[in-house]
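Examining the three-dimensional arrangement
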Number of protein chains: 2
Amino acid sequence: MALYQDNDLYINNSLTRKKEKFEALNAPNVGMYVCGPTVYSDVHLGNCRSFITFDMVYRYLSHLGYNVRYVRNITDAGHLENDADEGEDKISKKARLEQLEPMEIVQKYTLGFHEVMAQFNAHPPSIEPTATGHIVEQIEMIEQIIKNGWAYVENGSVYFDVEKYNATNDYGKLSGRKIEDLISGTRELDAQSEKRNPLDFAIWKKASPSHIQRWPSPWGVGFPGWHLECSVMSTKYLGQQFDIHGGGMDLKFPHHECEIAQNKASNGTDAVRYWMHGNMLTLNGQRMSKSTGNTLLPGELFSGDTDKLTKGYAPSVARFFMMQAHYGSQLDFSDEALLAAEKGYNRLMQAVDKLSSLEAGEGTSDFDVEAWQKQCYAAMNDDFNSPILISHLFEAVRFINGSDKNSGLSQTHLNLLNNTLTAFVFDILGLEKASESKQSDKLDEVMKMLITMRTKARADKDWALSDQIRDQLASVGIQLKDGADGTSYTLV
Amino acid sequence: MALYQDNDLYINNSLTRKKEKFEALNAPNVGMYVCGPTVYSDVHLGNCRSFITFDMVYRYLSHLGYNVRYVRNITDAGHLENDADEGEDKISKKARLEQLEPMEIVQKYTLGFHEVMAQFNAHPPSIEPTATGHIVEQIEMIEQIIKNGWAYVENGSVYFDVEKYNATNDYGKLSGRKIEDLISGTRELDAQSEKRNPLDFAIWKKASPSHIQRWPSPWGVGFPGWHLECSVMSTKYLGQQFDIHGGGMDLKFPHHECEIAQNKASNGTDAVRYWMHGNMLTLNGQRMSKSTGNTLLPGELFSGDTDKLTKGYAPSVARFFMMQAHYGSQLDFSDEALLAAEKGYNRLMQAVDKLSSLEAGEGTSDFDVEAWQKQCYAAMNDDFNSPILISHLFEAVRFINGSDKNSGLSQTHLNLLNNTLTAFVFDILGLEKASESKQSDKLDEVMKMLITMRTKARADKDWALSDQIRDQLASVGIQLKDGADGTSYTLV
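Residues numbered from 1 in each chain as written. Chains lettered and ligands numbered in written order. Predicted model: local features only at pLDDT ≥ 70, side-chain atom pairs only at ≥ 80, totals over all residues.

Structural notes on the overall build of chain A
Within chain A one finds 16 helices and 15 strands. C-alpha extents for chain A along the principal axes are approximately 95 × 60 × 40 Å. Per-residue burial over chain A gives 46% buried out of 492 residues. Taking the intrachain contacts of chain A between residues at least 6 apart in sequence as the baseline, contacts between residues at least 24 apart amount to 73%. (Helix = DSSP H or I, 4+ residues; strand = E, 2+ residues; numbered from the N terminus. Buried ≥ 20, exposed ≤ 12 C-beta atoms within 10 Å, placed from the backbone. Contact = placed C-beta atoms within 7 Å.)

Below is the structure:
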């Protein structure tokens, strides 16, 4: 029996604003779509939090025995400034500024994004489709929406008719906005506007002569609207109805609201069963913002090369810190909070190490491993409540730290504790032990120490020790070289 | 003045079979297209050699001061078995066998390919376009070829008319094949064939009902021919004429021959100025072949987990080994040859290390650094002759190894030697020092050594030494833990 059959998972569905029991459409298969980055600049730490949240969701669903098809897109065309229907394309603008072809911008920042995700130990998605890779499919969906009467063509562009849609559907149901308020909050259309209504949004945009990324279409040369790609790519790879759609809270409106409308308008279905939204990151209590300088890039976080932090933090420490908050809550990054998280992370990792050397006893311990395990699952089953999970993991840490070599647990319970702790720490929370690069730093430190010991041995004329150090190092492939400036080493 | 203005680079142009002086169309810009992998299985070591060759070309052109736009595609659709016009699509077939959606196959093997390239320290290309990302552009090129009269539509497929093309052009000029021989070597068309001539090749193929990857087109639902994508993506990103097109020798015919024909037929130009082809790898003197089991995957090479090798070899050792042969020559992989290469690589790296500690002298050395530097460039300028370059690098190695602390070189010449050697070793040949993972293995070895030393000190009641080891390790963040089973350590 698969684990998921034993675990009732509840998800806070943004659409209904209720915790709902998760019922997969086609268990053991689960389809999950997450909005990926627009690759025109370095990925923000706030975006990283969202992607790490859904990595944790992906990991837990997989742990439960679901076969998850996880689709996360790359937006490489069509995303205009201010997420609006007017203005310059974000990637084209960056291409102009950096004097590169748009696809060079896409390549540069896609590689950067992948690198940061790997540093955070986030699994790659099962499919990573691109907007430019689905122009044909986007044109097909637009044709269907027009055919069904929910969009109109104007001067080479195609607009979604929000007012008409809202007459029989509820535009705003995800974000909780009322269309009347939206209309009253919108500036009057200027005389030149092609839209019938200011709320209408472009699903195909005529390309201005200077627009670089452009494709032919039944409506002339242009490019697809940003909102469209996610409707197209999610349903292409997951079907017209699928289980989970995730993204950052900032995408709820208009992006996800538009996705819902496009899906309904093209194929008549509410595509998504469970909408999930990750909350924002702040930095020292303030919203992160490029314009105020209150920002932190992943690279700065890892290196400490920023005036916002006293030192760098390993990606796993930052990940652990994020997991200490529920994904639906705001989280504030600060040096103090990271320092505290680092201590907690180290304690956790030391306990994991110590656990592997504990021995079974007579079963006299009063640590109830089975009840503890149930609590761990219960935390995750309650809308992926990682902070509660972590509090349970630390109950195990306290038991391990307080334990003698003989744990007092039966062999069965000791194994269960070991398997459960490592599963939650490594497989589900996605934490890693000290990184390789940390190890190479350590090697250098230890080598300096050994060289100093050998230098002292030589000064003391303790040739036996001095030769022993040199010979043993040589036997493990480290060659010492004595020179006028002291002793150095090379790996051979 | 840029370096390239001082260096006459000659390239063996596969098209003319002559070494030709390289003249960039738009210096300092250089456009280079290399055929990338079809991502339906793990990348072969033979493919790796080809990609590493063009990485070296990219690195040398960049070193010379060219601004290289390096485009290497990912074939994620349309490549049929046996590179033919009939048969199953390679990716769809793998998708069926692994019960995955084709784009999951694409994602899996693209990630694997990128990982292997990173292990070999190959730079990512500037743009990495996909076939599925250019369906619209492929349809446009097909329309142009039909319009120009070089292709015909038959039952939902579009075929390139080779006989007609050859009447006024030379089909076979790259591969050196004569069309008469090709025709006589081809089986008669069976009665069902849609082709007018057996040499004709599909540029659009009608999708059978079971074909998964399919798109609408003016000729019905289908998919683009494999040869077409490279014509489309190279000219889209590099222009209708560009400098260099590279690939493995096995791609000369029919793939590159068809590219030439498609480019000529669609826009009237010979798109490529310099065709470059990398030669094959053999293993223990035999052609690598899955069917005979005479294969070696990159992972097996690195781990040594194969009956073909006595041990694993670091990626940089394998890369160094490949660079010891000219890219245009066959190269045989064998354990003996790799062992020898590893010794050479280690000697080279040790000399690089030693060089950094040498001091300048009175200029009394008879090692002529300037003449040596010229020879290094001359080797690379002669069609990227890396083996000759390496022989010159070892002249420097011998000088360095034979040198005292005082090199006898003037400060200027010592700097020149240092800069030139590191540029050729690291920037151009793309070698790396011992890898991080090797360092973490070493750390473990050294820690075992230190723990043994401390255990002995304790047995000898030398508490000062025993405490010193523990405290110094703690000070560099390594914690020793004494247990009944001995002492272990953790990184904190």
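After that view, the rundown keeps rolling.
Things to note about the pairing of strand S14 (residues 478-483) of chain B
Sheet analysis places S14(B) next to strand S15 (residues 486-491) of chain B, joined by 6 bridges and oriented antiparallel. When the bridges of S15(B) are listed, B:Asp482 appears paired with B:Thr487. (Pairing = 2+ DSSP bridges.)

Considerations on the domain arrangement of chain A
All names here are of chain A. By domain assignment, chain A separates into domain 1 (3-278), domain 2 (294-428) and domain 3 (436-491). Computed from C-alpha atoms alone, the centre-to-centre distance between domain 1 and domain 2 is 34 Å. Taken together, the 24 residues of domain 1 in the interface contact 24 residues of domain 2. Counting residues per element, the ones that place at least two in the side of domain 1 that touches domain 2 are strand S1 (10-13), helix H1 (45-63) and helix H3 (102-119). Per element, the largest residue contribution to the side of domain 1 that touches domain 2 is 10 residues, and it comes from H1. (Domains from an automatic or database assignment.)

Quick look at the sheet that holds strand S7 (residues 201-206) of chain A
Residues and elements named next belong to chain A. Reading across from one edge, S5-S6-S7-S8 is the order of the 4 strands in this open sheet, with antiparallel pairing throughout. Every other strand in the sheet has two partners, leaving strand S5 (151-154) and strand S8 (222-224) as the edge strands with one partner each. Direction aside, neighbouring strands of the sheet carry axes that sit 20° apart on average. Pairing analysis gives 3 bridges linking S7 to S8, with the strands arranged antiparallel. Bridging across to S8, Trp-204 finds its partner in Pro-224. (Axes fitted to C-alpha atoms, helices over the stretch in contact; angles between N-to-C directions.)

Re the interface of chain A and chain B
Taken together, the contacts link 47 residues of chain A with 48 residues of chain B. Counting residues per element, the ones that place at least two in the side of chain A that touches chain B are H3, helix H4 (135-147), helix H11 (335-355), helix H15 (436-459), strand S14 (478-483) and strand S15 (486-491) of chain A. Examining the composition of the side of chain A that touches chain B, we find that 12 residues originate from one element, H15(A), more than from any other. Counted by class, the side of chain A that touches chain B contains 21 nonpolar, 15 polar and 11 charged residues. (Nonpolar A, V, L, I, M, F, W, Y, C, P; charged D, E, K, R; others polar.)

With respect to the packing of helix H2 (residues 90-98) of chain A against H3(A)
Residues and elements named next belong to chain A. One can describe the packing of H2 onto H3 by two numbers: an axis separation of 8 Å at closest approach and a directional angle of 100°. Classified by the angle their axes make, H2 and H3 are roughly perpendicular. Between H2 and H3, the residues in contact are Ile-91, Ser-92, Lys-94, Ala-95 and Glu-98 and Pro-102, Ile-105 and Val-106, respectively. Here the contact of H2 with H3 is composed, by residue class, of 5 nonpolar, 1 polar and 2 charged. (Parallel < 35°, antiparallel > 145°, perpendicular 65-115°, else oblique.)

Here's the deal with the relation of the copies chain A and chain B
Under the fitted operation, chain A is carried onto chain B by 0.0 Å of movement along the axis and a turn of 180°, and the coordinates agree to an RMSD of 0.2 Å. When the rotation and shift are considered jointly, the pair of chain copies conforms to a two-fold rotation axis. Closest to the rotation axis within chain A is the C-alpha of A:Gly133, separated from it by 1.7 Å. Taken together, the interface assignments show that 100% of the residues at the interface of chain A recur at the interface of chain B, consistent with an identical surface on both copies. (Least-squares fit on C-alpha atoms with pLDDT ≥ 70 in both.)

Some words on the confidence of the model for chain A
Within chain A, residue pLDDT values average 92, and 97% of them lie at 70 or more. Predicted complex metrics record ipTM = 0.85 and pTM = 0.87. (pLDDT = per-residue confidence, 0-100.)

Focus: helix H16 (residues 463-475) of chain B
Residue and element names in this part refer to chain B. Counted at 1.5 Å a residue, the expected span for H16 with its 13 residues is 18 Å, and the 18 Å between its end C-alpha atoms agrees. Listed in full, the buried residues belonging to H16 are Ile-469, Arg-470 and Leu-473. Relative to the axis of H16, the buried residues are bounded by an arc of 90° and lie together on one face. Away from its buried face, by an angle of more than 90 degrees, H16 presents the exposed residues Trp-463, Ala-464, Asp-471, Ala-474 and Ser-475. Looking one or two residues beyond H16, the residue adopting positive phi is Gly-477, at roughly 85°. (Expected span 1.5 Å × (residues − 1). Arc of directions from axis to C-beta.)

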